[in-house]
Amino acid sequence: MALNIAMDGPVGAGKSTIADEVAKRLDLIHLDTGAMYRAVGLTALRRGVDIADEEAVTKLCGEITMEVVYGPQGQRILVNGLDITGGLHTEEVSMAASKVATYGGVRKAMVATQQRMAATTDMLLDGRDIGTRVLPNATVKIFLTADAQERARRRFDQLKQKGIEADFNEVLADLKKRDEQDMNRAIDPLKAAPDAVIVDSTGLSFEETVESIVELVKERAHG
């Protein structure tokens, strides 16, 4: 049985970057499942498909081929053979991803792909429902969080570093809206699995957070 680590948590908790570093230190593949939903959202936006039309988005999901590949630049998402990774991290795509992730047909397709990959490969998966839905029998489950103000500040700083103009209050409002949407969706809502370890990174540095998770995994996986 493959060693699988499930890491869930709200937007802005730093899951992707922290999971990336944890996976490197443990010599595991890191699958950023959120990028897969972003890819569906971005493709819908680019093709003029109404994000609010569940039937149309589900149909689109069935018409495209999605590949997750790994190379020197880390994880890349290919849709119909085209690398769209560079367009996945805008606020518009974030909101689109959160919306399409509420659709049962979209989730069914993405979850099936994620489970297939994790079945035969040691890997760390991060997302919203990894420990509760995708990998209910994961070796280790982590729920990474931080308070809303802290998460908004991190997202705001991230946008500034990328040269993207942003208003902190708008970033905070969008984050709270995304939390509401993710935690209250009818299908696979964001929540900590009963057997997940809660890691609150409020006030912790990146290194402190990574080290605590690495030690936790080593203890749970080999203890």
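As the structure is a prediction and not an experimental result, all values here were calculated from the model. (Residues numbered from 1 in each chain as written. Predicted model: local features only at pLDDT ≥ 70, side-chain atom pairs only at ≥ 80, totals over all residues. Heavy atoms only, no water.)

Some details on the pairing of strand S3 (residues 66-71)
Okay, step 1: Across 6 bridges, the pairing between S3 and strand S4 (residues 74-79) is antiparallel. Looking at S4, one finds that Val68 is bridged to Ile77.
Okay, step 2: Taken together, S3 and the strand that follows it, S4, pair antiparallel across an intervening segment of 2 residues. (Pairing = 2+ DSSP bridges. Helix = DSSP H or I, 4+ residues; strand = E, 2+ residues; numbered from the N terminus.)

Remarks on the packing of helix H7 (residues 148-161) against helix H8 (residues 168-184)
Okay, step 1: Contact geometry of H7 with H8 gives a least axis separation of 9 Å together with a crossing angle of 120°. The angle between the axes of H7 and H8 places the two elements in the oblique class. Regarding H7 and H8, the two cross each other, and that crossing is right-handed. Counted together, Ala148, Gln149, Arg151, Ala152, Arg153, Arg155, Phe156 and Leu159 of H7 and Phe168, Val171, Leu172, Leu175, Lys176 and Asp179 of H8 form the full contact between these two elements.
Okay, step 2: Taken together, the residues that form the contact of H7 with H8 break down as 8 nonpolar, 1 polar and 5 charged. (Axes fitted to C-alpha atoms, helices over the stretch in contact; angles between N-to-C directions. Parallel < 35°, antiparallel > 145°, perpendicular 65-115°, else oblique. Left-handed = near helix turned anticlockwise from the far one by under 90°. Contact = heavy atoms within 4.5 Å. Nonpolar A, V, L, I, M, F, W, Y, C, P; charged D, E, K, R; others polar.)

Quick look at unusual backbone geometry
Okay, step 1: Even without glycine at this site, Asp27 takes up a positive phi of about 60°.
Okay, step 2: Position of Asp27 among the secondary structure elements: in the loop between helix H1 (15-25) and strand S2 (29-32).
Okay, step 3: Using a relative accessible area of 71% as the deciding quantity, one classes Asp27 as exposed.
Okay, step 4: Even without being glycine, Asp188 reaches a positive phi, approximately 50°.
Okay, step 5: Position of Asp188 relative to the elements: it lies in the loop between H8 and strand S8 (197-200). (Buried < 20%, exposed > 50% of the residue type's maximum accessible area, 1.4 Å probe, protein only.)

Some details on helix H5 (residues 104-120)
Okay, step 1: With 17 residues, H5 extends 25 Å from end C-alpha to end C-alpha; this agrees with the ideal 24 Å at 1.5 Å per step.
Okay, step 2: For H5, the set of buried residues is Val106, Arg107, Met110, Val111, Thr113, Gln114 and Ala118. One face of H5 carries all of its buried residues, which in axial projection span an arc of 160°. Exposed and facing more than 90 degrees away from the buried side of H5 are Lys108, Arg116, Ala119 and Thr120. (Expected span 1.5 Å × (residues − 1). Arc of directions from axis to C-beta.)

As for the sheet that holds S2
Sheet strands line up and pair through hydrogen bonds in the backbone, either parallel or antiparallel.
Okay, step 1: What the 5 strands build is an open sheet, ordered S2-S6-S1-S7-S8; its pairing is parallel. The open sheet has two free edges, formed respectively by S2 and S8, since each of these has just one partner strand. Direction aside, neighbouring strands of the sheet carry axes that sit 20° apart on average.
Okay, step 2: Pairing between strand S1 (residues 4-8) and strand S7 (residues 140-145): 4 bridges, direction parallel. Along S7, the bridge assignment pairs Asp8 with Phe143.
Okay, step 3: Sheet strands touched by H1: S1, S2, strand S6 (123-127) and S7. Its angle to S6, the strand with the most contacts, is close to 175°.
Okay, step 4: Contacts from H5 reach S1, S2 and S6 within the one sheet, and its direction differs from that of S6 by about 155°.

Describing the pairing of S4
Okay, step 1: Summarising the sheet, S4 and strand S5 (residues 82-83) pair through 2 bridges and their orientation is antiparallel. Residue pairing across strands places Leu78 opposite Asp83, the latter belonging to S5.
Okay, step 2: Two successive antiparallel strands, S4 and S5, enclose a turn made up of 2 residues, where Asn80 displays a positive phi of approximately 50°.

Focus: a negative patch on the surface
Okay, step 1: Together, Asp50, Asp53, Glu54 and Glu55 line one region of the surface with negative charge.
Okay, step 2: With respect to the secondary-structure elements, Asp53 resides in the loop between helix H2 (33-47) and helix H3 (54-63).
Okay, step 3: The exposure class assigned to Asp53 is partly exposed, which follows from its relative accessible area of 33%. (Patch = residues over 30% accessible without salt bridge, like charges linked within 9 Å, V, L, I, M, F, W, Y side chains within 5 Å. Areas by Shrake-Rupley, 256 points an atom, 1.4 Å probe, with all protein chains shown as cover. Salt bridge = Lys/Arg side-chain N within 4 Å of Asp/Glu carboxyl O. Lys, Arg positive; Asp, Glu negative; His and termini not counted. Charge placed at Lys NZ, Arg CZ, Asp CG, Glu CD.)

Describing the packing of helix H4 (residues 91-100) against H8
Okay, step 1: Orientation of H4 relative to H8, taken along the N-to-C sense of each, is 15°, at an axis distance of 10 Å. Taken together, the axis directions place H4 and H8 in an arrangement best described as roughly parallel. The two elements H4 and H8 cross, and the hand of that crossing is left-handed. Where H4 abuts H8, its residues Glu91, Ser94, Met95, Ser98 and Lys99 lie against Asp174, Lys177, Arg178, Gln181 and Asp182.
Okay, step 2: Of the residues belonging to the contact of H4 with H8, the class tally is 1 nonpolar, 3 polar and 6 charged.

Notes on the sheet that holds S3
Okay, step 1: As summarised here, the arrangement of the 3 strands in space is S3-S4-S5, forming an open sheet in which the pairing is antiparallel. The open sheet is flanked by S3 and S5, the only strands paired with a single partner.
Okay, step 2: Contacting S3 and S4, H2 crosses the sheet at an angle of about 35° to S4.

Scope: geometric values only; no functional claims are made or implied.
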